[in-house]
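Structural description and commentary
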Amino acid sequence: MKQAIMIEPGRIEFHEVPVPEIKNDQVLIAIKRIGICGSDIHVFHGLHPYTHYPVVQGHEISGLIEKVGVKVAGLKPGDMVTVMPQVVCGVCLPCRTGNYHICDHLKVMGFQTGGAAQEYFPVDVDHVVRLPDGFSLDQAAMIEPIAVAVHAVNRVGNLSANGVLVLGAGTIGNLVAQTARALGATKQLITDINNYKLDKARECGLENVCNPQRENLGDRIIEIFGPDKMDVIFECVGSQETITQAVENARKGTDIVVVGVFGKNPEVNLGFVQDRELRLLGTLMYQKGDYETAIKLVAQKLINLSPLVTHRFAFGDYPEAYRLIEESHGDYMKVMIEI
Ligand SMILES: [Zn+2]
Ligand SMILES: [Zn+2]
């Protein structure tokens, strides 16, 4: 079978390797879709601090079960599945107390351990999540980023009657805003400096958008939410500008959820955090329950995914996908590899 290996930043090679054997408690998945996300792009640029080369990427995936190990129950060849890519130790304090997603020894497939950028992928059955009938392969591959959004939204608990500001309208920001809406938030305002991404937000029914380079964010906040402003802010970019916008615009006593991945350490006005009793909440990946919620929201058609897959490439054109990302000046959402 064909396997795509990133030998070094910016260089993907295809190797012919044997189809993997599976253990008794594993399944073999015929991979059909691989989504490329922001973290993958960091790896491509050599900017991901916790990834070594060579690496096989691929953690936002879907496929069909090809083969099941003798001890595997409840799954059969042909089932459409996705994968939870976290590999955890099971013995550290976070693992022992139900917080395995922040395991002290967390490894993620496609980063610190092999990913699914290959025709057949062997995986332990406890990582496999079956999709209900009626799901498309694209939808199945989007469950992972939706689970990121579900986990982020659940960090603040009940959003009903809440207004939310989402800074960043990339795939994750878009999905955070849609998930907040699906889980009860009454009003959403989403921002980006890229108008293509704001148009995509509108296509997903997120009508309130703001490009802070063209209009005043503070004014727009008052216009949408009124003088009491929003109840929660989600920072989904990971930049100095957006974390500053979050801390400066937050209403006193409210939560800022930090979803974006910061390549550089930002300066944060902790004077405001202290004086205004702001809460900064981190969020990392997800748990099984977040996958289940993500699947439910898609099944109930509460998340509009069709505008989000903007580009597709055949497996053999994996490097072209990164070229598109490089050259598009941010005018893309989810780039999907098809096998
Ligand atoms: Zn990802
Ligand atoms: Zn652990």
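Heads up: the structure comes first, above all this text.
Because the structure is predicted, anything quoted here is derived from the model rather than measured. (Residues numbered from 1 in each chain as written. Chains lettered and ligands numbered in written order. Predicted model: local features only at pLDDT ≥ 70, side-chain atom pairs only at ≥ 80, totals over all residues. Heavy atoms only, no water.)

1. So, the coordination of the zinc ion (ligand 1)
Protein coordination at the zinc ion (ligand 1): the donors are Cys-37 (SG), His-59 (NE2) and Glu-60 (OE), at 2.1 to 2.6 Å from the metal. Of note, the zinc ion (ligand 1) draws all its donor residues from one chain, in the sequence arrangement C-x21-H-E. No difference in accessibility class separates His-59 from Glu-60, as the two residues are buried. (Donors = N, O, S within 2.8 Å, 3.2 Å for Na, K, Ca; no water. Buried < 20%, exposed > 50% of the residue type's maximum accessible area, 1.4 Å probe, protein only.)

2. What to know about the nonpolar core
One recurring pattern in soluble globular proteins: nonpolar side chains tend to sit buried together. Of all hydrophobic cores here, the largest spans 89 residues; its most connected members are Ile-36, Ile-143, Ile-146, Phe-234, Tyr-318 and Tyr-322. Sort the elements by how many residues they give to this core and helix H3 (residues 137-154) lands first, with 12 residues. Taken together, domain 1 (2-147 + 286-338) and domain 2 (156-282) each give at least three residues to this core, which thus spans both. Other than its neighbours up to four places away in sequence, Ile-143 contacts Thr-82, Leu-131, Phe-135, Tyr-291, Ala-294, Ile-295 and Val-298. One finds Cys-210, Met-230, Ile-256 and Val-273 within the second-largest nonpolar core, a separate group that totals 16 residues. (Core = buried A, V, L, I, M, F, W, Y, C linked by side-chain atoms within 4.5 Å. Helix = DSSP H or I, 4+ residues; strand = E, 2+ residues; numbered from the N terminus. Domains from an automatic or database assignment. Contact = heavy atoms within 4.5 Å.)

3. Some thoughts on the coordination of the zinc ion (ligand 2)
Surrounding the zinc ion (ligand 2) are the protein donor atoms Cys-89 (SG), Cys-92 (SG), Cys-95 (SG) and Cys-103 (SG), which sit 2.3 to 2.4 Å from the metal. Coordination at the zinc ion (ligand 2) is tetrahedral: its 4 donor atoms span angles of 104 to 120 degrees at the metal. (Tetrahedral: all angles 85-135°; square planar, octahedral: opposite > 155°, others 65-115°.)

4. Points about the pairing of strand S14 (residues 255-258)
Judged by which residues are buried, S14 turns out to be covered on both faces: Asp-255 and Val-257 on one side and Ile-256 and Val-258 on the other are all buried. Of the crossover connections in this fold, the one passing from strand S13 (residues 232-235) over helix H7 (residues 240-249) to the parallel S14 is right-handed. By the bridge criterion, 4 bridges tie S14 to strand S15 (residues 279-282) in an arrangement that is parallel. Bridged to Ile-256 within S15 is Leu-280. (Right-handed = clockwise from strand over helix to strand, strands pointing away. Pairing = 2+ DSSP bridges.)

5. Regarding the side chain of His-311
By secondary structure assignment, the location of His-311 is in strand S16 (residues 309-314). Here the side chain of His-311 touches Thr-310 through a polar contact of 2.9 Å, side chain to side chain. Residues in contact with His-311, not counting those within four places in the same chain, are Tyr-196, Leu-324, Asp-331, Tyr-332, Lys-334, Val-335 and Met-336. (Polar contact = N/O pair within 3.5 Å; in protein donor to acceptor, adjacent residues only side chain to side chain.)

6. Quick look at the packing of H3 against helix H4 (residues 171-182)
When two helices pack together, you describe them by how their axes are tilted relative to each other and by the distance separating the axes. As a packed pair, H3 and H4 sit with axes 8 Å apart at the nearest point and diverge in direction by 60 degrees. Between H3 and H4, the angle is such that the two are oblique. Crossing of H3 against H4: the hand is right-handed. Across the interface between the two elements, Met-142, Pro-145, Ile-146, Val-148, Ala-149, Val-150, Ala-152 and Val-153 of H3 pack against Thr-171, Ile-172, Leu-175, Val-176, Thr-179 and Ala-180 of H4. Classifying every residue of the contact of H3 with H4 by side-chain character gives 12 nonpolar, 2 polar and no charged. (Axes fitted to C-alpha atoms, helices over the stretch in contact; angles between N-to-C directions. Parallel < 35°, antiparallel > 145°, perpendicular 65-115°, else oblique. Left-handed = near helix turned anticlockwise from the far one by under 90°. Nonpolar A, V, L, I, M, F, W, Y, C, P; charged D, E, K, R; others polar.)

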